[in-house]
Amino acid sequence: MHPILARRGRLLPYLAACAPFGAIVTGLLARPGLLSLGEAAALAFPMTFAYAFMGLSAWYPCRRLPLSGSRLPQLVATHAAAALLTSSIWVLLGAGIARLFASLPGEQTLPSRYAVEVRPLFAAGVLLYALSVALHYVLLAFEAAREAERREAELEILAREAELATLKAQIRPHFLFNSLNSISALASSEPSRAREMCVLLADFLRKSLSVGEKKSISVAEELALSRAYLAVEELRFGSRLEVEEDLDARGDACLVPPLLLQPLVENAIRHGIATRVEGGTVRLNVACAAGRLRILIENPLDPDSPSPPGGGVGLSNVRQRLTARYGHDALFAAKRLSDHFLVVISVPAELPA
Amino acid sequence: MTVAGRVRDVGVLIVDDEAPARTILREYLEKVPGVRILGECGNGFEAVRASGELKPEIVFLDIEMPKLNGFEVLELLEPSIAAIFVTAYDAYAVKAFEVYAVDYVLKPFQAARIAAAVERARERLGRKTAVEPAVLAAAARPRGTWLERIVVRDGGEVHLIPVRRLAAAEAQDDYVALKSEGRTYLKPQTLTSLAGVLDPRRFVRVHRSHLVNLDFVRRLETIAKGSTVAILADGSRVPVSREGHARLNALLG
């Protein structure tokens, strides 16, 4: 459906805008000795309003043949054919109207006098069609721009939502309550370790609050956050949790979206180490080479443990944020093998300006 | 203190995979009069074994643990044992506990709350829990997620059967016979409660006392007018009732 016909409020202003064309066509038809001004107007206005609707048909070829992406000969041929056809129908319509008026007293010769005007009228019809085509292309461009704007706003909202989810996820209540319970347990048996754990927990909370607001942080900062998290978990899990880091100094300066590693490290513990009676080692590998930053996180898991529903909330959030930021240039792979879990991330290495 | 003297000692088992959590539970429980701590376990398997050997009357049971989670452990415990669940934060589980009036304590622990839980458990000792463990476990799962594995105890041995390898199940008196990879396991459960926790797109109740995994159904055979059997991958035959046939047709389109 044509956008002007699709909505009620649009038709009247549109027809009003066509009225001046009625005056122009009247001027074209009125010729002393051939058609009086009254006769010209009586023919011109119905014809113009009829054209107002006929001209709308240009919307369909215009939509089928966008200016960019269509070949010029096809474009010209299609519109020329449509213009000739529309104008011919229009001129015939004028003849019909003239014949209707011929029944009025003193107007028997109107059809033949109208016939003399057919050529300039036909040319006017073609020109009006060209105008309609031009206006339709403007309209389509305007709509495309608005659509692009809407899509951009949508993407923006999606990115915001992903960020919000991250902010919410950065401090999992589960982790917090468990840590508080551990502190409470240590308070009587090992007060000094209880204090140490309070400081570690505070350190982690402070760090995660400060990075959440930033758009990018360095890998070094992100690692510091993960280490603060791991330090708390090491107190909870005791000898069951080991961490092994293999880091490349060049990778430290690279910029990444905040809280990229931390949720993955958290998953490695919750769905990996915690599922094993004997615990295990979380391996963290960061390397920067050939313009790419590669991060690898690996953890053992109990082969019998069920996988978390939906593959874990953390994974999909990280994947989303990587796509929002790098598009197709980000590689994210998470795989559960028989007794361990592996996450690989590869993104363009971004260095601070 | 005549009152304290009359209180019968109850044996308590502590099950939690985190050492600090066990430490504080022990500390608080030691202060509750009439409580004898029988032992501590760091995972679900240990808990099942220890409860068989130590015969506790009350078990403090963590939910997230290696090997078997708290709900699975509960399924394998003697029904007379009073379980008190322990959790840091699990909205679904807590809702299920509320619905079925199963006692639970939240981390960080509170000494008074632990003592109260022991008191309540003492009152209902010997009485069977009102809710079937499998039903409780199902209620504690997020909506739209289904059971991934079934736990069965066979004497002192615990078997984990992934549901994708469960070919069929049959009701046998108070048990279900679970058929998986050429073996049959017996579990004290009703077929209806089992059917309720399995993905209905994969498991079909083809008969009042038979449930089949669609992945294992090879073909249907009509043996007499109105009498159908399903032939499974291993060649075994499962009777299909008229209603069961309709259910199969609805699923297979």
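Fair warning: this is a prediction, and the values are worked out from it, not measured in the lab.

Definitions and cut-offs
- Residues numbered from 1 in each chain as written.
- Chains lettered and ligands numbered in written order.
- Predicted model: local features only at pLDDT ≥ 70, side-chain atom pairs only at ≥ 80, totals over all residues.
- Helix = DSSP H or I, 4+ residues; strand = E, 2+ residues; numbered from the N terminus.
- Contact = placed C-beta atoms within 7 Å.
- Pairing = 2+ DSSP bridges.
- Axes fitted to C-alpha atoms, helices over the stretch in contact; angles between N-to-C directions.
- pLDDT = per-residue confidence, 0-100.

1. Observations regarding the overall build of chain B
- Across its full length, chain B carries nine helices and 15 strands.
- Across chain B, contacts joining residues at least 24 apart in sequence account for 55% of those joining residues at least 6 apart.

2. Some remarks on the overall build of chain A
- Helix and strand counts for chain A stand at 13 helices and seven strands.
- In chain A, of all internal contacts separated by at least 6 residues, the share reaching a separation of at least 24 is 73%.

3. A few points about the interface of chain A and chain B
- Listed per partner, the contact involves 23 residues of chain A and 23 residues of chain B.
- Every element with two or more residues in the side of chain A that touches chain B is listed here: helix 8 (173-189) and helix 10 (219-237) of chain A.

4. What about the sheet that holds strand 9 (residues 175-180) of chain B?
All names here are of chain B.
- Read from one edge to the other, the open sheet built from five strands follows the order 10-9-8-12-11, with strand pairing classed as antiparallel. This sheet does not close on itself; its edge strands, each paired only once, are strand 10 (183-187) and strand 11 (203-207). Along the sheet, successive strands turn relative to each other by an average axial angle of 20°, direction set aside.
- For strand 8 (residues 166-172) and strand 12 (residues 210-213), the ladder comprises three bridges, and the chain directions are antiparallel. The residue bridging Ala169 from the neighbouring strand is Leu211, located in strand 12.

5. Structural notes on the sheet that holds strand 13 (residues 217-224) of chain B
Residue and element names in this part refer to chain B.
- Pairing within the open sheet is antiparallel, and its three strands lie in the order 13-14-15. Looking along the sheet, the strands with just one partner apiece sit at the ends: strand 13 and strand 15 (237-240). Taking each pair of neighbouring strands and ignoring which way they run, the sheet shows an average axis angle of 30°.
- In the sheet, strand 14 (residues 227-232) pairs with strand 15 via four bridges, with the strands oriented antiparallel. Along strand 15, the bridge assignment pairs Ile231 with Arg237.

6. Quick look at the pairing of strand 7 (residues 340-348) of chain A
Residue and element names in this part refer to chain A.
- Taken together, the nine bridges between strand 5 (residues 292-300) and strand 7 define a ladder with antiparallel strand orientation. Within the sheet, the bridge partner assigned to Ile295 lies in strand 7 and is Ile345.
- With six bridges joining them, strand 6 (residues 331-336) and strand 7 adopt antiparallel strand pairing. Residue pairing across strands places Ala334 opposite Val343, the latter belonging to strand 7.

7. A word on the confidence of the model for chain A
- Within chain A, residue pLDDT values average 87, and 95% of them lie at 70 or more.
- Taking the mean pLDDT of every element in chain A, the minimum, 79, falls on helix 1 (residues 3-6) of chain A and the maximum, 96, on strand 5 of chain A.

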